[in-house]
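Results of the structural survey
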Amino acid sequence: MSVALTESAPPTASTSLALEEVFQTDLAQAREPKWLAELRLEAWARVNRDAKISENGIAVDKKDERWRFSGHKGWSLEGVARAKNKFTGKLPDIFAGGHPLTCAGQLTYADDILSAQTPISAKLANQGVIFLPLAEAIAKHPELLREHLFKHDRALGGGKFLSLHQAYSRAGSFLYVPDNVEVPETFFAAHWAATSGVALFPHTLIIAGANSKVNFLDFYGSANDAGAACMAGAATVIAGSGARVFRKSAQNLSVEALSYHDDTIVCGRDADVKNIAVHLGAQRARYESYSKLNGPGANLELCALTIASDRQEFDQRTFQDHVAPRATSNLLYKNALLDESRTIFAGMIRVEPGAEETDAYQQNRNLLLNPAAEADSLPGLEIQNQNVRCTHGATTSRLDPEELFYLRSRGLSKNTAYQLLVFGFFEEVIQRVENEALAELLRKLARGKFGK
Amino acid sequence: MDQATQLEIDREKGNFRYETDYAFDAGVGLSPATIDYIAEVKGEAPWVREFRHKALNIFESKPMPTHWATKDLEAINFSKIRYYLSQGQKPSRSWDDVPVDIKKTFERLGIPEQERKFLAGVEAQFDSEAAYSRMKEGLSKLGVIFVGPTEGLKEHEEIFRPWFGKVIPTGDNKFSALNSAVFSGGSFIYVPKGVKVKQPLQAYFRINAENFGQFERTLIIADEGAEVTYMEGCTAPKFETATLHSAVVELVALKGAKIQYITVQNWSNNVFNLVTKRGLAHEESEIRWIDCNIGSRLTMKYPGVILKGRRARGEVLSIALANDGQHQDTGAKMIHAADETTSNIIAKSISVGKGRSTYRGLVQIPKHLKNCKNNTECDALLINANSRTDTYPAITVRGEGNSVQHEASVSKVSAEQIFYMRSRGLSEAAAMSLSVNGFINDLVREFPMEYSVELKRLIELEMEGSVG
């Protein structure tokens, strides 16, 4: 992967994100409040303390179980820098030609710089809803941000990336929905890599008040045929008591990009949270999902669909942390593997001693469409309470020859039968987005991976 | 409950110790001199001595696997362990020659009775050397070899040397290296072409001396079309300080052969039981591990099968029971290395009190293979509020037409079942015991009869007092 990055804009030593002066200049230019500057410095100290992050990139500790099966080449930061200029070209409309998405508000970033904004309606604003670019939110609502920004510890192995993210992340969206406010439309944030060799640090912070209802979509893509990019993103969802949060995200960066992304979800009492992630792009993408069932009776649904092709590697680590009693969580991760691609699914359900009557499920299904592809599965359980029901399942197989035979006996061509079965495999996840515009978009993107 | 009293006596069966005057004692601690001493006493060939020395170097250079395994391993003090003890070198051939003290130990373990129950051969190991070893003459006539490793490597070098240390290389892990350095005792078995040994071969292992590590080495070779079942049972008296048991067991099933290896492990609760077991299955052969872990402080054992030949089949059936102060870290490895190979893993664990049971699994199907299948099921049962269970499988699949399924579940004993049985007049403890036996019943059925009875009793004993 470092090959692709070196081919892009020639690296100049002074812009390397691992350098002290680059960080300091960045920090000085941002003119952030003291509490935030301290969080940045703290993160930067972690970046530096870890000798393994250097100008050459981020090394991966082979002995760390949390990186088991990952490609051990490390992540190169070579030639990756902040974009110098605002992107002036035209960004694609991902919903063009299909159903338009009904948005409550929209934020668009290109190369980590805000390029377009559709503010929320006056009605929503009057109800107390806040949907702002991160920088503006920090200035206008410091108390809310101070309480929640960069606050959650994750232990899924990506600490180095998260430190870098915390040191540099300024492009982001902040959503606050007060208690008892229901917003049926979708809040939409799009992050584009538009210039080759750009570094992205997208951040999403969603705070859903008690009994509120929220829909959110994050999209990460490469516009304008931008080649290499390096993304270290993070999103945090904090769902209050009885909140119903439905977050969707899709990653469709160019095949030369590197992507690290962390989703952290905290569910309050009786909260009902769904998170659907679709992974299509990047040469190498690591996705970590940490969910904490913090309130009794919370219900969480985690879904992911990954379509890997060429020599892509998708490394997915999930953690369902049951802290409170009577909570339920249900995970379904589906991977389809083409060509010489590779997927890793490592999931963990942990039931803490106090979490009685937990009902947790975890399922990983891998569809091998090429003998050269490799699927690794590490489904795990750590149970410390006896009054629970926890199960997991992992399967890896090719398309069922009998199903293919049946379809062909009904007169379908081999190709059509194959596509029908493969797209059927995706549909289980796509249907769950419960939004026609988005489902249509995902189908289009998924099929795009088979076009070649 | 009458039965319970009866069983309580059984439980103390293994908890006794005789003062034994050890004729050979390698002293405390591990150094090249220890190795030389062992090799000297055994009169081993130079290549064996060299093998041991090499292994010692590897053992010393390897770090403890604590980056994934429990930190409890750090409690082992290698410099305080006795690596070799023996009462004499030649295994006695008839029961009368066995020293009276040792006979007493075995009588309490019921070995002579076992033999009367027409077991094909009994090899009882008392600390390092086989104290009693005899095989039914019929088997010897068929050409079956059933000896200890010293005799095996000396008298039958041409048979055992080609496979010795080949299935589990010395450097496989820290403890296989330790075993390769100081191994003593164990069984070397060869079953000639086409010979089907009808009765199971059996060995009992005991650790008697305090601070004594036991490092038996077993190598079983089933030649083309041969069939053999081997059973081992382990008991150790209770001691104040921790003891170490670190065995290496290698199985080789040549074309069309079948090997079944059965273990009932009931070490006392201060034994570290760190065992490497692996089989090499050639074309159309079958290797089956049946593994029950009930005793020990910490067991780390993942029997594996390397499916090397076309249509080979591997199976691991595992039962683990972890009570207070115990950690059963068990599992299975299936390494597919040929087309159309199949493997099956069924693991059931029960955690009682503060016990912790862990399943760790590895399934590998590399890219050049076709039509391989694996099925894995792990079920965990938690009895008390602070019992703990973990599952850590790792599955890698490539290639064409391969399919793998893994399923695991964690549950408690159903309150409705207990209620139903109580309404029928059973005590809560009896109902619980019945329910637990039901949980493992489909696996226990696979065992030879004597073992399934013994196992059910052991589990009942462990469960005692955990309910109510």
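Residues numbered from 1 in each chain as written. Chains lettered and ligands numbered in written order. Predicted model: local features only at pLDDT ≥ 70, side-chain atom pairs only at ≥ 80, totals over all residues.

**A short note on the overall build of chain B**
For chain B, the count of helices and strands is 12 helices and 23 strands. Counting the 468 residues in chain B, one finds 53% classified as buried. (Helix = DSSP H or I, 4+ residues; strand = E, 2+ residues; numbered from the N terminus. Buried ≥ 20, exposed ≤ 12 C-beta atoms within 10 Å, placed from the backbone.)

**Things to note about the overall build of chain A**
Looking only at helices and strands, chain A features 10 helices and 22 strands. Its C-alpha atoms give chain A a radius of gyration of 21 Å, within 12% of the compact-globule value 22 Å for 452 residues. Taken over the C-alpha atoms alone, chain A extends approximately 65 × 50 × 50 Å along its principal axes. When the 452 residues of chain A are sorted by exposure, 52% land in the buried category. In chain A, 81% of the contacts between residues at least 6 apart in sequence involve partners at least 24 apart. (Rg over C-alpha atoms; globule rule 2.2 N^0.38 Å. Contact = placed C-beta atoms within 7 Å.)

**With respect to the interface of chain A and chain B**
On the chain B side, the residues contacting the 33 residues of chain A number 33 residues. Sorting the residues of the side of chain A that touches chain B by element identifies β21 (374-383) and β22 (389-397) of chain A as the ones contributing at least two each. Here the side of chain A that touches chain B takes 10 residues from β21 of chain A, the largest share from any one element. Looking at the side of chain A that touches chain B residue by residue, the class counts come to 13 nonpolar, 12 polar and 8 charged. Bridge analysis of β21 of chain A against strand β22 (residues 388-397) of chain B gives 6 bridges, and the strand direction is antiparallel. (Nonpolar A, V, L, I, M, F, W, Y, C, P; charged D, E, K, R; others polar. Pairing = 2+ DSSP bridges.)

**Focus: helix α11 (residues 428-444) of chain B**
Residue and element names in this part refer to chain B. Taking 1.5 Å per residue, 17 residues should reach 24 Å; α11 reaches 23 Å between its end C-alpha atoms and fits that length. At Gly 438, α11 shows its strongest bend, of approximately 35 degrees. For α11, every residue scored as buried is listed here: Ala 431, Met 432, Ser 433, Val 436, Phe 439, Ile 440 and Val 444. (Expected span 1.5 Å × (residues − 1). Bend = angle between axes of the 7 residues up to and from the residue.)

**Some details on the domain arrangement of chain A**
Residues and elements named next belong to chain A. Domain parsing of chain A yields domain 1 (101-398) and domain 2 (399-452). Domain 1 and domain 2 are separated by 25 Å when their C-alpha centres are compared. Of the residues lining the interface, 18 residues belong to domain 1; the matching set on domain 2 comes to 15 residues. Among the elements of the structure, β12 (244-252), β14 (272-279), β16 (299-308) and β18 (328-337) are those that each provide at least two residues to the side of domain 1 that touches domain 2. Of the residues contributing to the side of domain 1 that touches domain 2, the split by class is 13 nonpolar, 2 polar and 3 charged. (Domains from an automatic or database assignment.)

**Let's talk about the pairing of strand β19 (residues 342-351) of chain A**
All names here are of chain A. Burial of β19 is extensive: 10 of the 10 residues sit out of reach of the surface. Burial of the side chains of β19 extends over both faces: Arg 342, Ile 344, Ala 346, Met 348 and Arg 350 are buried on one face and Thr 343, Phe 345, Gly 347, Ile 349 and Val 351 on the other. Of the strand pairs in this sheet, strand β17 (residues 313-322) and β19 are connected by 10 bridges, and their pairing is parallel. If you follow Gln 320 over to β19, its bridge partner there is Ile 349. Of the strand pairs in this sheet, β19 and β21 are connected by 10 bridges, and their pairing is parallel.

**Some thoughts on helix α10 (residues 415-423) of chain B**
Along α10 of chain B, only 0 of the 9 residues are buried, which leaves the element largely exposed. A positive backbone phi angle near 100 degrees is found at Gly 425 of chain B, which sits one or two residues after α10 of chain B.

**Description of the packing of helix α8 (residues 401-409) of chain A against helix α9 (residues 414-430) of chain A**
Residue and element names in this part refer to chain A. In contact at an axis separation of 9 Å, α8 and α9 are set at 130 degrees when each is read in the N-to-C sense. Classed by the angle they form, the pair α8 and α9 counts as oblique. In the packing of α8 onto α9, the handedness of the crossing is right-handed. Contacts between α8 and α9 involve Glu 403, Leu 404, Leu 407 and Arg 408 on the former and, on the latter, Lys 414, Ala 417, Tyr 418, Leu 420 and Leu 421. (Axes fitted to C-alpha atoms, helices over the stretch in contact; angles between N-to-C directions. Parallel < 35°, antiparallel > 145°, perpendicular 65-115°, else oblique. Left-handed = near helix turned anticlockwise from the far one by under 90°.)

**Some points on the confidence of the model for chain B**
Residues and elements named next belong to chain B. Looking at chain B, pLDDT values average 82 and 78% of them are 70 or higher. A low-confidence stretch, residues 1-13 (pLDDT under 50), is modelled with 8 contacts involving residues beyond four sequence positions or located in other chains. The low-confidence segment residues 112-122 (pLDDT under 50) makes 28 contacts with residues lying over four places distant or belonging to another chain. This complex was scored by the predictor with a pTM of 0.85 and an ipTM of 0.79. (pLDDT = per-residue confidence, 0-100.)

**A word on the environment of Ile 345 of chain B**
All names here are of chain B. Residue placement: Ile 345 occurs in strand β19 (residues 342-351). The spacing of Ile 345 and Ala 69 is 276 residues in sequence and 21 Å in space, taken between C-alpha atoms. Each residue touching Ile 345, except ones within four places of it in the same chain, is listed here: Val 316, Ala 332, Met 334, Gly 361 and Thr 376.

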